[in-house]
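# Structural features, examined
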Amino acid sequence: MTDAIRVSRPLSGTDKTLSFEAGRLAQLADGAVVARIGDTMLLATVTAARTVREGMDFFPLTVDIEERSYAAGKIPGAFFRREGKPSDQAILICRLIDRPLRPSFPKGFRNEVQVVGTIFSADQENPHDILAINAASAALMLSGIPFDGPIGAVRMAYTTEGTWLAHPTYAEGDESVFELVVAGRALGDEADADVAIMMVEAGGTEGSFEKYADGAPKVDEDVLAAGLEASKQWIRESIELQRELVAAYVADRGPIETIPYQVFRDYEDDVYARVEAVGLSALDSANRISEKQPRATALAEATADIVNQLSGEFADRVGEIKAAVKAVTKKLVRGRIVNDGVRIDGRGTADIRPLSAEVDLFPMTHGSAMFQRGETQVVNVTTLGMPRMRQQLDTISPDEFRRYMHHYNFPPYSVGETGRVGMPKRREIGHGMLAERALIPVLPSEQDFAYTLRVVSDIMQSNGSTSMASVCGSTLSLMAAGVPIKAPVAGIAMGLVYENGSYVTLTDILGAEDAFGDMDFKVAGTADAVTALQLDTKIDGLPANVLADALRQAHQARLAILDVITTTIDAPRTEVSEVAPKIVTLEIPIDKIGEVIGPKGKVINTLQQETGADIAVDDDGVVGTVTIGAKDGRAVEEARRRIALILDPPTAEVGATYAGRVVNIAKFGAFVSLMPGRDGLLHISKMSPLNGGKRIGQVEDVLELGQAIEVRVDDIDPQGKVSLSLAGEYADVAGDANDVDGPRSRPQRDRNDRGDRGGRNDRNDRNDRNDRGDRNDRGDRGAQGSRPAVSSFEASFEAELANEIGDLGPSDVSFSEGEGGASRRGPRSRRR
């Protein structure tokens, strides 16, 4: 085994070190690099096919992230106890890697390339997504695969003090108000070369609007532009370290040989010239049709006509003809935008398509809305659930639960096509997470609004930026559902065309403008703060002033959309829907949790059965939280009233009679509920009237759970334990049975008045037994002379009672047999 090649460098402004290692693991891959920051480590490998698959007309790049549970010291929670399909987090990381890498391969390169990242160690402090981007780029630099790198990446967090922090930990990110992931490429080999921003993924953090209310500076367009500019320093550091790795690798192993490959052209120049000559006029006319479907039909007819005209001239080159038609169409669209300021549908560069919105579409949903922008239409539905409905995450990150879930569905009919319907694709997961990120900052805290939230965006029609339409529709449906969001959020998709040195920014781009443009730029936010941003560019470098202008233009569009949203519904409804569950949350002392739950959950289960409410109890180690939910608000109020009585139970009165109900049965008696939060013990020794005055063998012989019974409070001891006896129709019988020493005592006789017993009348008076000594001073009688074992009924009873309901207080307190009360004396012995 050869020695590994390692390079590392400290990251400016942090206490962290970034390191790369090559030449030890996975040496049969074209490129393999182990990257580390803190104690988070991963392996990135890249491999490429040496030939092009027949018929391949695109670049087949795939990126996979393998999150091993062992990296966080966990065993997977699935049934098979092994990793299965990738998590949403892993899919998002794949997309983060793919977006800056894909445009860095040569145009026309069609060899299949696979990038695999395997997470070996996750220290629960340093995220592995940024590390994976840098490691994938480094592995490509060593692989010999044609790649215009290196690509560097960094995460930035905007703190509550108003500064940008590079490479934050999970905790630092949670404490910030905004996080920014940026990837870019250096525009030269110099140390101070400018960095071309290639990819941005950003969003506000949970609770950021609460931090804004407490005085933290808001993240607006100017702050965001400054953050993008600041990120370039750490992107350069990653790029420089990758170059050091390449230099060290070449010095140790020799030059890196580029793999043999062929660049394919979609069409040759002769085909393009002929297509332009015969079809330019028809294509120009078709591209001036504003509506999507008629325009697509006209383009299809023009394309078919061009193919018919040229198929004889270019036999077996129909694919090239069609590709050239697409290239001519792109040139026409871009030229019209740059030269005339007119877009495909006739709009100006800053114009928004017609907007419309509607709420309350469906009667049985908790909140529903429809948002439409031009030919893009989305239906959003919000569902409210109990806290226990939150998603439990089985990942290697510190996050354990997901309270807000945004799911995005893109059916084939939304673009007038047939196709597969079922499991979401990576694109759908990515779009749903982008919309989720845009809305998380404005959601109420769980303390203020205890519901679990799920929003589903179903795309009905698509012609540009359905993800941003989902943001707008989600705002509408959340407000319609009565979710008290901090402020409405709107989203807009922007585009950019760069031609002949001119930059033209487009507002509310169409699908075709996205395909033919040089930038896809999505911004979501409130009237005065950005909540999410996604940017992908296809050009080298985006001047700061162009980016700033694009952000300002997006802000104006966002304000226009917010006007439509607030006209439709001006504020969140004050009450949730009638068909939604009603939820209240109570804070309780942590030592009262056991009383609310009861032994084996009996109390909470009884409350749920009798009230119909769903009750959940949780704690944070300091205070307990009880969440009560039900569709019927009266059930919620009744459950809350009963729990309040458990926390502050009413006091029973000695001598009072209560109509109770048997709630628990033990060997020694029955526990009877007198009122919510207050039970008493009816001892088995006091139940003989229920059996005609005869001794009771088992409590179950005369009582059953849930049975109504009238009882009297005989005594309440200093610990609050209530002793009961029978009342009502059994009162007199019970009173006779309990007269002297309890129900099992016998009538007392005068020991000297026994009558004639034949042969024993001449005995000495039994009271004259001084020779037997004091009964309490018997000494050791030995094994042979010992009397039968003496048992203590009360001691046995108290032991059973303690085992059932817990500590019974000082040991000198016991239940008395007489009158069913408690007395402060030691347990009384009885010889049998």
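This text goes with the structure placed above it.
Residue numbers run consecutively from 1 along every chain, following the written order of its sequence. At least 70 in pLDDT is required for a residue's local features to be given in this predicted model, at least 80 for side-chain atom pairs to be given and counted, and no such filter applies to totals for whole chains, interfaces and linings, which use all residues. Only hydrogens and water are removed before side-chain values are computed, so all heavy atoms of the structure are retained for them.

## Focus: the overall build of the protein
For the record, the criterion: Secondary structure is summarised from DSSP: a helix means a run of H or I of at least four residues, a strand means a run of E of at least two, and numbering begins at the N terminus for each. By definition in these notes, contact holds between two residues if any of their heavy atoms fall within 4.5 Å.
Along the protein, the regular secondary structure elements total 18 helices and 31 strands. Of the contacts made within the protein by residues no fewer than 6 positions apart, 69% connect residues no fewer than 24 positions apart.

## Comments concerning the nonpolar core
Here is the rule we go by: Grouping buried Ala, Val, Leu, Ile, Met, Phe, Trp, Tyr and Cys residues that are joined through side-chain atoms within 4.5 Å yields what is termed a nonpolar core. Only protein chains enter the accessibility calculation, which uses a 1.4 Å probe; a residue is then buried when its area is under 20% of its type maximum, exposed when over 50%, and partly exposed in between.
Core analysis: the largest hydrophobic core is formed by 98 residues, its most contacted members being Phe178, Leu180, Val200 and Phe521. Examining the composition of this core, we find that nine residues originate from one element, helix H12 (residues 544–568), more than from any other. Not counting residues up to four positions away in its chain, the partners in contact with Leu180 are Val154, Arg155, Met156, Trp164, Val200, Glu201, Ala202, Leu224, Gly227 and Leu228. If you look at the next biggest cluster of nonpolar residues, it comprises 54 residues, including Leu11, Ala35, Ala132 and Ala136.

## A short note on the sheet that holds strand E19 (residues 502–507)
Selection criterion: Only strands joined by at least two bridges in the DSSP assignment are considered to pair. Fitting a line to C-alpha atoms yields each axis, with helices limited to the stretch in contact; the angle taken between N-to-C directions then spans 0 to 180 degrees.
Spatially, eight strands are ordered E8-E7-E9-E10-E21-E20-E18-E19 in an open sheet, and the strand pairing comes out antiparallel. Both edges of this open sheet fall to strand E8 (164–166) and E19, since each of them pairs with a single strand only. Between one strand axis and the next, the sheet turns by 25° as a mean value, whatever way the strands run. Here seven bridges tie strand E18 (residues 490–499) to strand E20 (residues 519–525), and the two strands are oriented antiparallel to one another.

## Things to note about the sheet that holds strand E12 (residues 367–373)
Strand pairing in a sheet relies on backbone hydrogen bonds. The paired strands run either parallel or antiparallel. The strand order across the open sheet built from five strands is E11-E12-E13-E17-E16, with neighbouring strands paired in mixed fashion. A strand with exactly one partner marks an edge of an open sheet, and here the two such strands are strand E11 (355–359) and strand E16 (404–409). Within this sheet the neighbouring strands show an average axis-to-axis angle of 15°, counted without direction. Looking at chain direction, strand E13 (residues 376–385) and strand E17 (residues 452–461) are connected through nine bridges and run antiparallel. Among the inter-strand pairings, Asn380 is bridged to a residue of E17, identified as Ser457. Packing of H12 onto the sheet brings it into contact with E11 and E12, and relative to E11 it is tilted by some 30°.

## Some thoughts on a positive patch on the surface
How we decide: A patch consists of residues exposed above 30% relative accessible area that lack any salt bridge, with like charges linked at up to 9 Å and nonpolar side chains (Val, Leu, Ile, Met, Phe, Trp, Tyr) linked at up to 5 Å. Working definition of accessibility: Shrake-Rupley area with a 1.4 Å probe, residue cover restricted to the visible protein chains. Throughout this description, the term salt bridge denotes a Lys or Arg side-chain nitrogen within 4 Å of a carboxyl oxygen of Asp or Glu. The charge count treats Lys and Arg as positive and Asp and Glu as negative. His and the chain ends do not count. For this purpose, a charge sits on NZ of Lys, CZ of Arg, CG of Asp or CD of Glu.
A cluster of basic residues, Lys107, Lys326, Lys330 and Lys538, forms a positive patch on the protein surface. With respect to the helices and strands, the residue Lys326 is situated in helix H8 (residues 318–340).

## Points about the packing of helix H2 (residues 129–143) against helix H5 (residues 221–253)
The description of two packed helices rests on the angle between their axes and on the distance between the axes. As a reminder, the rule being used: Handedness of a crossing is defined here by the sense of rotation of the near helix relative to the far one, left-handed for an anticlockwise turn of less than a right angle and right-handed for a clockwise turn. As a working rule, the residues Ala, Val, Leu, Ile, Met, Phe, Trp, Tyr, Cys and Pro are called nonpolar, Asp, Glu, Lys and Arg charged, and the rest polar, with Gly in that last group.
Viewed as axis vectors pointing N to C, H2 and H5 meet at an angle of 30°, and their least axial separation amounts to 10 Å. Handedness of the crossing formed by H2 with H5: right-handed. Where H2 approaches H5, its residues Asn134, Ser137, Ala138, Met141 and Leu142 are matched on the opposing element by Ser238, Gln242, Leu245, Val246 and Tyr249. In terms of residue class, the contact of H2 with H5 is built from six nonpolar, four polar and no charged.

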